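These are the residues of each chain, in order.
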Amino acid sequence: MTEQLKPCPFCGAKHQVETVARDWYRIRHPEVEECPLNEWEITYPQSADQLKYLVNDWNRRAIPADQVLVPRELLQVVFELAVERLQYQIKPSPSDEAAVAELRALLQR
Ligand SMILES: [Zn+2]
């Protein structure tokens, strides 16, 4: 299996998708006694669709309560605006102000 799996969110252990017999795909956490996922495993039926779901489900991570998910493009616009303002004291354009308002709204959730 060549699918990229994120490491364990608790201990950093690496994972890979294994094929179990002819019918199943499996992700199994290795033996790491200190980890809450010690020897945990999940299996999905063996098909291309199910493999995609298995990889996506494993790789999806919750966002900690004190963080927000910000699109990279929005963060880039706001970052560049901040740098410009610091360097050149440039007045923000309407699109810059819209990006700042969007980021402000995300941070107030
Ligand atoms: Zn772990």
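How each quantity is defined
- Residues numbered from 1 in each chain as written.
- Predicted model: local features only at pLDDT ≥ 70, side-chain atom pairs only at ≥ 80, totals over all residues.
- Buried ≥ 20, exposed ≤ 12 C-beta atoms within 10 Å, placed from the backbone.
- Helix = DSSP H or I, 4+ residues; strand = E, 2+ residues; numbered from the N terminus.
- Pairing = 2+ DSSP bridges.
- Axes fitted to C-alpha atoms, helices over the stretch in contact; angles between N-to-C directions.
- Contact = placed C-beta atoms within 7 Å.
- Domains from an automatic or database assignment.

Caption draft 1: How the structure looks around the pairing of strand β2 (residues 24–28). Every second residue of β2 is oriented toward a common face, the buried set being Y25 and I27 and the non-buried set W24, R26 and R28. Here strand β1 (residues 17–20) runs beside β2; their pairing, made up of 4 bridges, is antiparallel. Bridge pairing links E18 to R26 in β2. Hairpin connection, β1 to β2: the antiparallel pair is bridged by 3 residues, and A21 has positive phi, about 50°. In this structure, β2 lies alongside strand β3 (residues 41–45), joined through 5 bridges in antiparallel fashion. Following the sheet pairing, R26 is matched in β3 by T43.

Caption draft 2: Looking closely at the sheet that holds β1. The strand order across the open sheet built from 3 strands is β1-β2-β3, with neighbouring strands paired in antiparallel fashion. Of all the strands in the sheet, the pair left with one neighbour each is β1 and β3. Adjacent strand axes in the sheet meet at a mean angle of 30° when their direction is disregarded. Across the sheet, helix α1 (residues 48–59) lies against β1, β2 and β3, angled at about 15° from β2, the strand it touches most.

Caption draft 3: Quick peek at the environment of G12. With respect to the helices and strands, the residue G12 is situated in the segment before β1. Between the C-alpha atom of G12 and that of C35, which follows or precedes it by 23 residues, the distance is 9.5 Å.

Caption draft 4: Quick peek at the domain arrangement of the protein chain. If you check the domain split of the protein chain, you get domain 1 (17–59) and domain 2 (72–107). The C-alpha centroid of domain 2 is placed 42 Å from the C-alpha centroid of domain 1.

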